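Topology and contacts: notes
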Amino acid sequence: METLAQQLILGVTNGMVFALIALGYTMVYGILELINFAHGDLFMLGSFLALTLIKVFDLPTASSATLLFALPTIAVVCAVFGGGLNWSVDRLVYKPLRNAPKLAPLVSAIGVSFIFQNLGLFWGGLPLFGSAKDASAQKDVPALISNVNLLGEGSHLRITTKDLMVIASSVIVMVALYVLVRHTRLGKAMRATAQNPAAARLMGIDVDRVIGATFVIGGGLAGIASVIYALYINTVHYQAGFQNGLYAFTAAVLGGIGNIPGAVLGALVIGVVRALSSQYIGAQWEPAVVFGMLILLLVFRPAGLLGSHVREKV
Amino acid sequence: MSEPNDRQVARRGPRSRTTTVALLVLAVVVLCVYPHFPFVDRLFEAIGHPILLDRKLVSIFIFGILALALNVQVGYAGLQQLGIAAFFGIGAYTTGILTVEKYPFHAGFWGALVAAPVCAAIAGLAIGAPTLRLRGDYFAIVTLGFGEVVRTIILNLEGITDGPRGLNPIPDPWLPPAVAESSADPARVKYLALYYIAFVLLVGLAIVFRNLERTRLGRALVALREDELATACMGINPVRIKLVALAVGAGLAGLAGALYSTTLTTTAEPSTYDFNYSIMVLCCLIIGGVGSLRGAILGAVVLFGFDNIVSPLITELLQPFAAASSGNVFLQFNNWRWIIFGLALVLMMRFRPEGLWPSSRMKAELHHEDEGPLSKVGP
Amino acid sequence: MTPSGEVGAASVPAPRSSRPSPPPPSGGAEDRPGEVLLEVDKLTIRFGGLTAVSGVDLSVRAGEVYAVIGPNGAGKTTVFNAITGIYEPTEGTIRFAGRDVRRPWKKLLVGAWLAVGLAVALLMLLFASNIDGAWTASVKHNFRGRELGFDPGRAWSDAVDYVAARPRVEQAAGRYYPTTHDGSRAFGSFDDPFPAWELLAQLEVLAERGSEAIVAREGGFVVLDRHGVAVGRPFADRARLDELVGPAREAAASARAARLVRAIVFSLALVLGVGGAYAAWRQSRRTPAWVAGHGIARTFQNIRLFQDMTVLENVLVGMDRHIGKTAKWWAPHRFMNALPPVALGVLLVGLSATTAELDADPRVPTALFALFALGLVGYLVWTALLGAFSRRDLGVEAEAAARARALLAFVGLEERAGELAKNLAYGDQRRLEIARALGTEPRLLLLDEPAAGMNPAESLSLMELIRAIRERGVTVLLIEHHMRVVMGISDHISVLEYGRKIAEGTPEEVRSNPKVIEAYLGKEELG
């Protein structure tokens, strides 16, 4: 029972990180119907930036008061970096392809993903991270947040400050996103554009601006997720973007792609399923279980958990 | 079906058509005799940089078959298939299990050449039947996931697949005595045999697909890409046609897998069949031209040639500099590989989405400006 | 799968250059005029909370032209979509020629679902019981080199034992090990398989009965089963037997647990597999393709032609289902088609075998001759392929093309057969859509605003065309806004407003119906 509870905690914590990435996928998909393959790698670049900042400012030696100020700052910097990078990619690569058949932006996104991965490899080769020879090696992130069990060391159940940090910061970001999408003009414009871009444009909404904003927000979420991830998992690797991005995108599909609460729900489900399957079936079977579940779900609910069936206009 | 042909002729002119055909025939003839007159290899050997083109041609043919397989799915049926390597791997491992000495089946190369496509096609049907009714993007993620699942399974079923070591040795194909004894060197015989088997399969498949494009099925596929609902309202079952395309593509990928593993004499490690490999094959189509036969083969030649001939050559030329800087990550050409592929994809999509050598039909479809979700948004 | 032969063998008229041609009865030969062909009964369609169509009845008789009219947003196209299988009705039934047009339920289907379920369940069972282990137990343990042979029967029974979590005897390096279900060999080894099996039997009894099964007998200790029969050979030493009780119980308990898990996985996978197959079947019971295959063809309000295909090809796509019926994949000409590449293959292999000899002693003249010969043969083969494979001369396609041209002539587009559909004028595109729909040899043709965007002259010729279609024996159901067209050709009219039917009758009746006037012109203010 305790194992189960422990795995649930682990699953929810992991799921929260996935959710932040999945939101970026689902928002872009909702508006452009584009699987932004580069999103996972954007996240990876964000985590490299976070690690670089931590090293440059030598945070492991800093006091906890400094950390309390420095870590949110890093999160903001990474969010700005992620948002800015995502926005520029949209302008440079996807925007000229708005009217092209669907395969074109998809392939471009894969291309951008490769470029990002390669940049991540080069980033890892910087002298800052030691020898340039093992650029492709996994980079360790110093443990800045205590890993002490909050329930006391005697307890069988472990909830650490780290877990709380992940859950609290993700929830704060999600609530902020919810408020943004539900209660601001920009949010309204985004929802309108997602439903019907043509009508939105006729209503005077600057669709290009809305799309740009979506990329900025999605990239920002990935940036914040990357900081949380780096602090939580404590490693950074140039291929981490593919794995995590894949799970996050699966989460978005599972929840019903284009649906914002769906992405969070799907991510939590995937986090929990991953944790449970690695506990009870074996860690090496994780991908098989996750994708098996996805296929099964799509057979019974073709539009995902919360997605609604879109009817083709005839 | 005389109309489209007449039209093409009228547009491109009979001369250009004859030239194309003559060029293709010339290419086929040169490739037929190349193993016996490897003039390109002689040339590079003479300048001191042997490239082993004659050996690598076998791999290029196999890669070409793989590209044709993906072309059936992506080009003809318009499926967003991102996991072709899975079927390639299934073919390779089926061959491995059926032929290696330590398992009792000993089906041999020719048996595997039949069984591998069948197994891969069954896997394709199994993944397609529940998911082809879904939206295109869902299919993309499902195939991507399927690729990962297959790789995981192959890696983890260590008792069957020997895990990361891969199954080996895979025996050489049985050949009629007359052929087998034609040269004293068995390696040479095997190389020649695989060369011609792969070459004949590639050319044969290209011919079959060229004809498929003009049949009922080919027409239905074009219609399906253009307007699925309207096609369905003509009494053509889109799911069935897509399933056929998926099974054929998967089966051919399995065939390529059988050839590949026999050429290598091992199934290679499971990580060969990962997402990056799937994307490499997709790159072939993109570079050559999605939906275009000649484009797919050209793409395979360009990409494989770059990856296995040009890139090692450049690495070799850069060797002095790389050595001086004690393995600096930037100075190893291989590390630039994905940036080059990525840029190639992005630039191709931006400036020449129809590929280097597109089919006229695909060119027309790709330059349709009124498609995509934001079609009506444009100014 | 084949729809009952409502489509007769269509004869091929010679392409005509002038229209109107009195075309052959296409598919409606068996529809007796006046019989109810399409019956829509209390059709209701809701999208979420929005009711698009509510309780609409339509009854279309064979041989008539039936019009559905009404203001925009009245749900007319939605009704069409429901009839053609694009939307699933929320309530109500649609019957065509007295039958519900959906995939029929057959007993065989249950078998198919079960087969899918079983396949899924077996696969999952294998995964649940560790495929690797099963493979090792059945294949690897039964194969020790080519000369010793391989017994598939034993491999199979070992695999079954493994999956059923039964203990077994494994052989390794000449010794025999009693092995528990999870592959542990904690019970020693023997030179001979027989005592190993005996020990397993004893372990089973010990696990069940514990130490009380051990009885002193014949100068040793034996294990007695529930019926008092001695199992296996006696042990010299009781302590040794007692030691076995604990491990035997553990092994039995873990085997039971494994069996339980596997049974649960198997049943769950079976249920999910059968359920999934059923769900997939249910979702595809009434697809547009199925409906079209049964003789209902349609056009679209927003023209949906295959823009990048030629006019002729568009019609051919419509006819493809029927071409398919005449041209089976096993038809001989297909094998003839396969011959050239096969021949090419044989030729190449043969040539490679002969040229391989050149390797040893590359003499330039021979090589050049081989090159020349290859080039010549290659060229000949290539041209032969071009000839054999361009399907111009294949009967089926040629016949189909002739019929397609006849249809084009019927709608007046025969001159433009080779043009791309997107290059046609708007009115011609509408005509082409009709020709394409007629290509499916329908009994009922649904026209969704065929006159939209047409000028008066075009509308007139459209009316003529619709009459000609009816003359062919095809019943026509149309949505139209042009009142002149509707009143001019319809035998029967239904009026929809806000998803409900507010009136129906002959054109004259509808024209004078106050409700209809109100719907179109608004309510008259009473002073």
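Here is a short report on the structure shown in this document.

Cut-off values and rules
- Residues numbered from 1 in each chain as written.
- Chains lettered and ligands numbered in written order.
- Predicted model: local features only at pLDDT ≥ 70, side-chain atom pairs only at ≥ 80, totals over all residues.
- Heavy atoms only, no water.
- Helix = DSSP H or I, 4+ residues; strand = E, 2+ residues; numbered from the N terminus.
- Rg over C-alpha atoms; globule rule 2.2 N^0.38 Å.
- Buried < 20%, exposed > 50% of the residue type's maximum accessible area, 1.4 Å probe, protein only.
- Contact = heavy atoms within 4.5 Å.
- Areas by Shrake-Rupley, 256 points an atom, 1.4 Å probe, with all protein chains shown as cover.
- Lys, Arg positive; Asp, Glu negative; His and termini not counted.
- Charge placed at Lys NZ, Arg CZ, Asp CG, Glu CD.
- Buried area = accessible area lost by both parts, 1.4 Å probe.
- Salt bridge = Lys/Arg side-chain N within 4 Å of Asp/Glu carboxyl O.
- Pairing = 2+ DSSP bridges.
- Axes fitted to C-alpha atoms, helices over the stretch in contact; angles between N-to-C directions.
- Core = buried A, V, L, I, M, F, W, Y, C linked by side-chain atoms within 4.5 Å.

1. Description of the overall build of chain B
When its secondary structure is counted, chain B shows 16 helices and 0 strands. A compact globule built from 379 residues would reach a C-alpha radius of gyration of about 21 Å, and chain B, at 22 Å, matches this within 12%. Its C-alpha atoms give chain B principal-axis dimensions of roughly 60 × 50 × 50 Å. Each of the 379 residues in chain B was classed as buried or not, and the buried ones make up 61%. Within chain B, contacts between residues at least 6 apart in sequence are counted, and of these 75% link residues at least 24 apart. A total accessible area of about 14,000 Å² is found for chain B, and carbon and sulfur atoms account for 67% of it. Both charge centroids of chain B, one from 29 positive and one from 26 negative side chains, sit 7 Å from each other.

2. Things to note about the interface of chain C and chain A
Taken together, the contact between chain C and chain A spans 15 residues of the former and 9 residues of the latter. Both faces combined, the contact of chain C with chain A buries some 950 Å², and carbon together with sulfur accounts for 63% of it. For the interface between chain C and chain A, the tally reads 0 salt bridges. Contributing elements (two or more residues each) for the side of chain C that touches chain A: α1 (76–83) and α6 (238–283) of chain C. For the side of chain C that touches chain A, the leading source of residues is α6 of chain C, giving 5 residues.

3. Focus: the sheet that holds strand β9 (residues 220–224) of chain C
All names here are of chain C. With antiparallel pairing, 3 strands are arranged side by side in an open sheet as β8-β9-β10. Two strands close off the open sheet at either side, each with one partner strand: β8 (214–217) and β10 (230–235). When the angles between neighbouring strand axes are averaged without regard to direction, this sheet yields 30°. Sheet strands touched by helix α5 (residues 193–209): β8, β9 and β10. Its angle to β10, the strand with the most contacts, is close to 105°. Contacts between α6 and the sheet are confined to β8, β9 and β10, with β8 contributing the most and set at about 165° to the helix.

4. A short note on the pairing of strand β12 (residues 444–448) of chain C
All names here are of chain C. The buried count for β12 comes to 5 of 5 residues, which makes it a mostly enclosed element. The two faces of β12 match: L444, L446 and D448 on one face and L445 and L447 on the other face are all buried. Pairing between strand β11 (residues 296–298) and β12: 3 bridges, direction parallel. Bridge pairing in β12 links R298 to L446. One ladder, built from 5 bridges, connects β12 with strand β13 (residues 475–479); its direction is parallel. Following the sheet pairing, L444 is matched in β13 by T475.

5. Details of the sheet that holds strand β15 (residues 500–505) of chain C
Residues and elements named next belong to chain C. Across the sheet, 6 strands lie side by side as β11-β12-β13-β3-β14-β15; this open sheet has mixed pairing. Of all strands in the sheet, those bounded by a partner on one side alone are β11 and β15. On average, adjacent strands in this sheet sit at an angle of 20° to one another, irrespective of strand direction. Alignment of strand β3 (residues 65–69) against β13, held across 4 bridges, turns out to be parallel. Its bridge partner being in β13, A67 is matched across the sheet by L478. Of the strands in this sheet, β11 and β12 are in contact with helix α12 (residues 426–439), which crosses β12 at around 160°. In the packing of helix α13 (residues 456–471) onto the sheet, the strands contacted are β3, β12 and β13, and the crossing angle to β13 comes to about 145°.

6. What to know about the pattern of salt bridges
All names here are of chain C. In this structure the tally under the stated criterion is 31 salt bridges over all chains. Residue E170 pairs with R168 through a salt bridge whose shortest N-O separation is 2.8 Å. Pair check on accessibility: E170 and R168 agree, each one buried. A salt bridge links E170 to R185; the shortest N-O distance between them is 2.9 Å. One end of the pair, E170, is in strand β6 (residues 168–172); the other, R185, is in the loop between β7 (175–179) and α5, and 15 residues separate them in sequence. You can call E170 buried: its relative accessible area is 6%. Linked through salt bridges whose partners overlap, the residues forming this network are E88, D100 and R102.

7. Overview of the side chain of Q80 of chain B
You can see Q80 of chain B is positioned in the loop between α3 (53–76) and α4 (84–99). Exposure remark for Q80 of chain B: the relative accessible area of 12% places this residue in the buried category. Excluding anything up to four places from it in sequence, Q80 of chain B contacts K102 and L106 of chain A together with G136, D137, F139, A140 and T143 of chain B.

8. A few points about the nonpolar core
Core analysis: the biggest nonpolar cluster contains 240 residues, and F63 and F87 of chain B have the highest contact counts within it. When residues in this core are grouped by element, the largest group, 16 residues, is from α3 of chain B. For F63 of chain B, the contacting residues outside a window of four places in its chain are Y277, M280, V281, C284, A300, L303 and F304 of chain B. Of all hydrophobic cores here, the second largest spans 51 residues; its members include L312, L413, L462 and I469 of chain C.

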